[in-house]
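# A structural walkthrough
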Amino acid sequence: MDQALELRSVDLQSPRNNKEHHTLEMGLTRLIVRRGQVFTVVLKFNRDFRPQTDHLTFVAETGPEPSELLGTRATFLPTPAQHGNVWSASDFTVDLNSLQVSLFTPASAAIGPYILTVVISQGRGPGVTYLLGTFILLFNPWSAEDDVYLPSDMLLQEYVMMDYGFVYKGHERFITVWPWNYGQFEDDIIDICFEILNKNLYFLKNPSKDCSQRSDVVYVCRVINSNDDNGVLQGNWGEDYSNGVSPLEWNGSVAILRQWSARGGQPVKYGQCWVFAAVMCTVMRCLGVPTRVVSNFQSAHNMDGNLTIDTYYDQTAEMLPTQRRDKIWNFHVWNECWMIRKDLPPGYNGWQALDPTPQQTSSGLFCCGPASVKAVKEGEVHLAYDTPFVYAEVNADEVIWLFGDGRALEILAHNTSYIGKEICTKMVGSDRRQNITGSYKYPEGSTKERSIFMKASRKMLGPRWTSSPFLDLLGSNDSMYQPVQLQLHLARTPKWGQDLMLTLHAWRVPDRSHLRGPIRLVLRFCAQAMLHGGNMRGALWRQTLRLKLSFGEEVQWPLLLPYNNYRDKLTDEKLIRVSGIAKVKETGRSMLVLKDISLELPHLSIEVSEKAEVGKELRVYITLTNTQSVALSNCIIVLEGSGLIDGQISRDLGTLMAGHTIQIQLSLYPIKTGHRQLQVLISSKEIKEIKGYKDIRVAASRAP
């Protein structure tokens, strides 16, 4: 009787397969492949393999209680060639007692960790099952059959393979570049990504069904995007971060994800929108979904769906706090993921907006999106998911009211173009910023933009449309005649630690159909610290000014905001709003003038001494001059960079006196070849975010 065929060893060919599947950056030891693409394994037996009598049945399983009905278990027999979008084993090469076989996973398979086994039988006898090993299956944006297919090598390099990038923060007039280490290819990140999936509420309720639905990129996005009981980050929009880390002090996603995993899935303290979005970018790129981080400057948070955000100033020019959830954030950050939307009508594929900052529920989960960016631009707010919310984020109108005696007295301004001032992301293959506002809306003030706004308003307001108190505002322009025009300008660069110098520019409007005699104004100015979430702190400076302007006259009037007025009053982001209310005696009406100021912080420089090479010492020199008039105390430096540093390097620097310079020298030993980025953060008690970065190209180690 013939000797039974027995499996002696398996070679999953991980280095070769991972290279062909664009997962080599994740390591050589584990098999990590993308769906819709073949991979090769080699089986070694106790004797020659005889195709006529030796029968093999391959089995691939994922998730608890794998089921062929749910698509989490696949059984497939060897075939001469691979046909169709189904699990298959083909292209056999027999060499004595070894067998090389190509395995194919369909582009519709569920992503996740798989167990691969083979059943060996002879004739009609019972089979013996052998474990071949495990592999991880990811989305495949290189495959035309996959819903995340992106037909551009340059875009794939940027939106899947790039493990660093930039987040844009601040104010539309002073946009800050914030380098970020995504680190999606660090050793344990892929396991943490599936840990996140395994802690979502749907998995906890029905794990088998949840794993089955992981074939659908829309479903995976919504699950990763949710921030319910087991979210990765805990948001904090206050100013007390003593129980965790300030959102400004993170350099990248890796430390956050590792901390979340190490502490059993407890949310990491703390995050704000840019941290939520950057971490989601890491996870989605790791899973194989093309993803980018998008910043929206002057971003509306419109909870009641009326497409207007109301702000209130009192007669002393102080912006009043409001308990209403409608706010305008000076910037807000979310993600876009690239995918086909089979759940929508044709024409809405491509970039989809996902907002991972927990703000409101969507189908029972704290998540937002994916909303087709094309649907947002066309005002098709009825399309899934959460398109009305995203539409309002970039398109709502702002109505500014003068408030007094417990009621709204008059409208100071109706701004149709203030929200969504600039929407931007990192440019492909460049460190520059790309303005993508045109992807979300037509040019502000154009007939097309206003007609789309009206269409979206009708859909969002529904029966409220005809009775809306804002009906007269919708679709109107923002011009209200005043006999005087006012502007505030900075007289010099505003630096933290110095007095701020402004100039009020006031001039009469040369319109002969209106008042031609002298105009008398009483102007009351107020400065407040801006909070990221749309509110202001109390007044930190006030000034009153009286002007008399003759017809055709214009004046320039200096204003001084002393450093002592704001030194202990600002948030970590160092933003100030100077507002002025002018009461025109002749008309009885009021006017508003605003100036937002971002204070310039010290800059650091980063230099490297020589060409970078894997395993070879690379000396890094970091220089910081304290250009402020006050000392910076409790200074700490943190360095991070995937492929350059394993984890983080941190050092205490002590106190940096005013006007002094410090130079820090460190030695790095690069780990991986290719384009890398070193991120550097210096934080102090006075300033939390002095950031810099250095792009470094690492060469392979030279033979000794």
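Computed from a predicted structure; not experimentally measured. (Residues numbered from 1 in each chain as written. Predicted model: local features only at pLDDT ≥ 70, side-chain atom pairs only at ≥ 80, totals over all residues. Heavy atoms only, no water.)

### A few points about the sheet that holds strand E1 (residues 7-11)
- Ordered in space as E1-E3-E7-E6, the four strands form an open sheet in which the pairing is antiparallel. Lying at the two open borders of the sheet, with one neighbouring strand each, are E1 and strand E6 (88-95). Neighbour-to-neighbour, the strand axes of the sheet open up by a mean angle of 25°, direction not taken into account.
- Bridge count between E1 and strand E3 (residues 38-45): four bridges; the pairing is antiparallel. Within E3, the residue paired with aspartate 11 across the bridge is valine 42. (Pairing = 2+ DSSP bridges. Helix = DSSP H or I, 4+ residues; strand = E, 2+ residues; numbered from the N terminus. Axes fitted to C-alpha atoms, helices over the stretch in contact; angles between N-to-C directions.)

### Structural notes on unusual backbone geometry
- Residue tyrosine 270 follows lysine 269 across a cis peptide bond; omega there is 5°.
- Inspection of the secondary structure puts tyrosine 270 in strand E13 (residues 268-271).
- At the junction of alanine 384 and tyrosine 385, the peptide bond is cis and its omega measures out at -5° in the coordinates.
- Examined against the element boundaries, tyrosine 385 turns out to sit in the loop between helix H9 (373-377) and helix H10 (387-395).
- Of note in this structure, glutamine 13 is not a glycine but carries a positive phi near 55°.

### Re the side chain of threonine 117
- Topologically, threonine 117 is positioned in strand E8 (residues 112-122).
- Residues in contact with threonine 117, not counting those within four places in the same chain, are Thr57, Phe58, Val59, Thr129, Tyr130, Leu131 and Leu132. (Contact = heavy atoms within 4.5 Å.)

### Examining the pattern of salt bridges
- This model, assessed by the stated rule, comprises 35 salt bridges.
- Put simply, glutamate 61 and arginine 73 hold a salt bridge, and the shortest N to O gap is 2.7 Å. One end of the pair, glutamate 61, is in strand E4 (residues 54-62); the other, arginine 73, is in strand E5 (residues 73-76), and twelve residues separate them in sequence.
- Taking the relative accessible area as the measure of exposure, glutamate 61 reaches 23% and is therefore partly exposed.
- Note that arginine 341 and aspartate 343 form a salt bridge whose closest N and O atoms lie 2.8 Å from each other. (Salt bridge = Lys/Arg side-chain N within 4 Å of Asp/Glu carboxyl O. Buried < 20%, exposed > 50% of the residue type's maximum accessible area, 1.4 Å probe, protein only.)

### Remarks on the packing of helix H3 (residues 189-197) against helix H7 (residues 254-262)
- Between H3 and H7, whose axes approach to 10 Å, the crossing angle comes to 55°. Between H3 and H7, the angle is such that the two are oblique. Remark: the crossing between H3 and H7 carries left-handed chirality. Facing Ile189, Ile192, Glu195 and Ile196 of H3, the residues of H7 in contact are Val254, Leu257, Arg258, Trp260 and Ser261.
- Across the contact of H3 with H7, the residue classes break down as six nonpolar, one polar and two charged. (Parallel < 35°, antiparallel > 145°, perpendicular 65-115°, else oblique. Left-handed = near helix turned anticlockwise from the far one by under 90°. Nonpolar A, V, L, I, M, F, W, Y, C, P; charged D, E, K, R; others polar.)

### Considerations on the pairing of strand E21 (residues 397-404)
- E21 sits mainly inside the fold: seven of its eight residues count as buried.
- The sheet contact formed by E21 and strand E22 (residues 407-415) spans seven bridges and is antiparallel. When the bridges of E22 are listed, valine 399 appears paired with histidine 414.
- Following E21, the chain reverses through two residues before pairing antiparallel with E22; aspartate 405 in that reversal takes a positive phi of roughly 55°.

### Describing the state of the cysteines
- Scanning the entire structure with this criterion turns up zero disulfides.
- Free of any disulfide, cysteine 221 has its nearest cysteine sulfur in cysteine 337, 4.2 Å distant.
- Here cysteine 221 falls in the buried class, since its relative accessible area comes to 0%. (Disulfide = S-S within 2.5 Å.)

### Re the sheet that holds strand E31 (residues 590-598)
- Strand order in the open sheet formed by four strands is E28-E27-E30-E31, and the pairing between neighbours is antiparallel. Because the sheet does not close on itself, it has two edges, and the strands there are strand E28 (536-549) and E31. Within this sheet the neighbouring strands show an average axis-to-axis angle of 15°, counted without direction.
- Where strand E27 (residues 519-530) and strand E30 (residues 575-584) come together, nine bridges link them in antiparallel fashion. By the bridge assignment, leucine 523 is partnered in E30 with alanine 582.

### A short note on helix H8 (residues 273-287)
- Relative to the 21 Å expected for 15 residues at 1.5 Å per residue, H8 spans 21 Å between its end C-alpha atoms, a close match to the ideal helical length.
- Of all 15 residues making up H8, 15 are buried, and the element is well covered by its neighbours.
- One or two positions beyond H8, positive phi appears at glycine 288, with a value near 105°. (Expected span 1.5 Å × (residues − 1).)

### Points about the packing of aromatic side chains
- By the definition in use, this model includes 19 aromatic pairs.
- By the ring-pair criterion, three or more aromatic residues cluster together here, those being Phe39, Phe58, Phe76, Trp87, Tyr114 and Phe135.
- Sitting over the face of the ring of tyrosine 385, arginine 222 holds its NZ or CZ atom 4.1 Å from the ring centroid.
- Over the face of the ring belonging to tyrosine 442 we find lysine 377, whose NZ or CZ atom lies 4.6 Å from the ring centre. (Phe/Tyr/Trp six-rings, centres within 6.5 Å; stacked < 30°, edge-to-face > 60°. Lys NZ or Arg CZ within 6 Å of the ring centre and 35° of its normal.)

### Focus: the side chain of histidine 171
- The topology assignment puts histidine 171 in strand E10 (residues 164-171).
- Those residues within four positions of histidine 171 in sequence are excluded, and the remaining contacts are Phe297, Gln298, Met530, Leu575 and Asp596.

### Focus on H7
- For H7, every residue scored as buried is listed here: Val254, Ile256, Leu257 and Trp260. Projection of H7 onto a plane perpendicular to its axis shows the buried side chains occupying an angular sector of 165°, all on one side. (Arc of directions from axis to C-beta.)

### Structural notes on the nonpolar core
- Core analysis: the biggest nonpolar cluster contains 94 residues, and Trp180, Ile224, Ile256, Trp274, Leu287, Tyr391 and Tyr440 have the highest contact counts within it.
- The element contributing the most residues to this core is H8, with 13 residues.
- Isoleucine 256 has contacts with Trp180, Val232, Leu233, Trp250, Val268, Val275 and Val279, leaving out every residue within four places of it along the chain.
- Ala527, Leu549, Val620 and Leu639 belong to the second largest nonpolar core, which has 59 residues in total. (Core = buried A, V, L, I, M, F, W, Y, C linked by side-chain atoms within 4.5 Å.)

### Structural notes on the environment of methionine 591
- Here methionine 591 is to be found in strand E31.
- The buried category is assigned to methionine 591, whose relative accessible area is 7%.
- As for methionine 591 and arginine 173, which are separated by 418 residues in sequence, their C-alpha atoms are 23 Å apart.
- For methionine 591, the residues in contact, after removing those within four places along its chain, are Leu412, Gln482, Val484, Gln485, Leu486, Gly580, Ile581, Ala582 and Val584.

### Notes on the confidence of the model for the protein
- When the pLDDT values of the protein are averaged, the result is 92; 94% of them are 70 or greater.
- Every residue in residues 473-479 scores below 50 in pLDDT, and together they form 19 contacts with partners more than four places removed in sequence or on other chains. (pLDDT = per-residue confidence, 0-100.)

### Structural notes on the environment of glutamate 573
- With respect to the helices and strands, glutamate 573 occurs in the loop between helix H13 (563-566) and E30.
- Taking the C-alpha atoms as reference points, glutamate 573 and leucine 531, 42 residues apart in sequence, are found 8.1 Å from one another.
- Setting aside chain neighbours within four positions, we find glutamate 573 in contact with Lys169, Leu248, Gln272, Trp274, Phe331, His532 and Glu689.

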